[in-house]
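An overview of the molecular structure
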Amino acid sequence: RELLVYGAFKTAYKSGGFSNGGINSKFSTNPLADLTFDPERARGFEAGIKSTLADNQLRLNLTAFTYKYLDLQVDYFNSATFAFITTNAGSARTKGVELEFQYAPRALDGFDLHGSLNYNRARYGSYIAPCYGGQSIAAGCDTSFQGALGQDLSGKPTAVAPKWTGSLGASYDTPLSGNAVLGLSVDTRYSSSYLASSFAHPLSRQPKYLTIDGTVRVKLDDSRYEIALIGKNLTNRFIVGGVVDAPNTGVGTGTNAATPADQIGFVSLPRTVQLQLTARF
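In this report, we go over the structure that sits alongside the text. Starting afresh in each chain, residues are numbered from 1 along the sequence in its written order. Residues qualify for local features only when their pLDDT is at least 70, as the model is predicted, and side-chain atom pairs are given and counted only at 80 or more; totals for whole chains, interfaces and linings, by contrast, use all residues. Calculated side-chain values reflect all of the structure's heavy atoms, with hydrogen atoms and water omitted.

Overview of the environment of Y209
Secondary structure counts use DSSP, requiring at least four H or I residues in a row for a helix and at least two E residues in a row for a strand, with both numbered from the N terminus. Take Y209: it is sitting in strand 15 (residues 209-220). For Y209, a relative accessible area of 6% puts it in the buried group. Sequence separation of Y209 and Y132 is 77 residues, and the distance between their C-alpha atoms is 26 Å. Note on contacts: a residue pair qualifies if any of its non-hydrogen atoms lie within 4.5 Å across the two residues. Leaving out residues up to four positions away in the same chain, Y209 has contacts with R189, Y190, S191, Y194, R237 and I239. Here the side chain of Y209 touches R189 through a polar contact of 3.1 Å, side chain to side chain. Burial classification: accessible surface area is computed with a 1.4 Å probe over protein chains only, and a residue below 20% of its type maximum counts as buried, one above 50% as exposed, and the rest as partly exposed. Any N or O atom pair separated by 3.5 Å or less is treated as a polar contact, with the protein-specific requirement of one donor-capable and one acceptor-capable atom, and with residues adjacent in sequence counted only for side-chain atom pairs.

A closer look at a nonpolar patch on the surface
On the surface, L3, V5, I49, L53, L60, L62, V97, L99, L117, W164, Y190 and L210 cluster together into a nonpolar patch covering about 1000 Å² of accessible area. Elements that contribute at least two residues to the nonpolar patch include exactly strand 1 (3-14), strand 4 (40-53), strand 5 (58-78) and strand 6 (83-103). As for its placement among the helices and strands, L60 is situated in strand 5. On the accessibility criterion, L60 (31% relative accessible area) is partly exposed. Each patch is assembled from residues with relative accessible area greater than 30% and no salt bridge, linking like charges that lie within 9 Å and nonpolar side chains (Val, Leu, Ile, Met, Phe, Trp, Tyr) that lie within 5 Å. For the area figures, the Shrake-Rupley method with a 1.4 Å probe applies, and any residue is considered shielded solely by the protein chains shown. For salt bridges, the criterion is a side-chain nitrogen of Lys or Arg within 4 Å of an Asp or Glu carboxyl oxygen.

Looking at the sheet that holds strand 7 (residues 111-126)
The pairing of strands in a sheet happens through backbone hydrogen bonds and is either parallel or antiparallel. Paired strands, as defined in this entry, are two strands with at least two bridges between them according to DSSP. Taken together, 10 strands build an open sheet; the order of strands is 1-4-5-6-7-11-12-15-16-19 and the sheet is antiparallel. For this open sheet the edge positions go to strand 1 and strand 19 (272-279), each flanked by a neighbour on one side alone. Between one strand axis and the next, the sheet turns through 15 degrees on average, direction left out of account. Note that strand 4 and strand 5 share 13 bridges and pair antiparallel. Paired with I49 across the bridge in strand 5 is L62. Throughout, an axis means a line fitted to C-alpha atoms (over the contacting stretch in the case of helices), and angles, computed between N-to-C directions, take values from 0 to 180 degrees.

A look at the sheet that holds strand 10 (residues 148-152)
The strand order 8-10-9 describes an open sheet built from 3 strands, whose pairing is antiparallel. Two strands lie at the open edges of the sheet, namely strand 8 (128-130) and strand 9 (143-145), each paired on one side alone. Averaged over all neighbouring strand pairs, the angle between strand axes comes to 60 degrees, with direction disregarded. Bridge analysis of strand 8 against strand 10 gives 3 bridges, and the strand direction is antiparallel. Residue pairing for strand 10: I128 is matched across the bridge by D152.

Regarding the pattern of salt bridges
Inspection of every chain in the model, using the stated rule, returns 7 salt bridges. Linking E100 and R59 is a salt bridge whose minimum nitrogen-to-oxygen distance equals 3.8 Å. Taken together, the positions of E100 in strand 6 and R59 in strand 5 put the pair 41 residues apart, joining distant regions of the chain. Note on R59: relative accessible area 32%, which makes it partly exposed. Across the pair R280 and E226 runs a salt bridge whose closest N-O atoms are separated by 3.6 Å. In this pair, R280 sits in the segment after strand 19 while E226 sits in strand 16 (residues 225-232), placing the two residues 54 residues apart along the sequence.

Structural data, given as structure tokens:
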């Protein structure tokens, strides 16, 4: 009753469509290829163990997975034509292992310790892709993509795919005078470095980081009212979750004398602290 072993085969599908940015671009040299993209499909296996140990005080789960994507849909901003288009990678594969736990000892009522550790390897299987702005021949811009300059990303990492991620957190609720309850919590999240660009742009690398969130809350009248002081991203890390080439930057694409395009990054919020008042009816 305390141990579950499972396995699964799963499939997924995402329909194809049309790139509105390509439709609106008067600079497109290959309208049909720019306008349309194929459906995306995925299939793969996962297997794992879910367990409840230490007389129901510890929950421990372990999962291994491998999934293959066919015609993976990848968004691309063509800084020369000012158009967003969606392309298809021939294939991609992601595989890894996930471990998670939660520990709530009876000896310390109201205390909870939880965390996770994840290993993930995500790579393109086959993908002839557009060159990023200002990519030189030496950097891989040495083939063609839909009649334009292209690069072979086969075996390269997909975007925003850190090899290692992890989390660790704890919370504690304890009664105060009357019917008030004090709650404290802290959560940390770690990520190893990764490329934010889907096209292996070297300037898009996000370094490894650690973030910390914390909360102090007081619940009143059987949790009907709550006052909480919430701090997020207390380490004040700017985390890039995606990039595009900056328009009008990057010169000499596909030559031996190229200058890479600047990157415009989409970043998370900086350190934030807020006071939250809640009333439940």
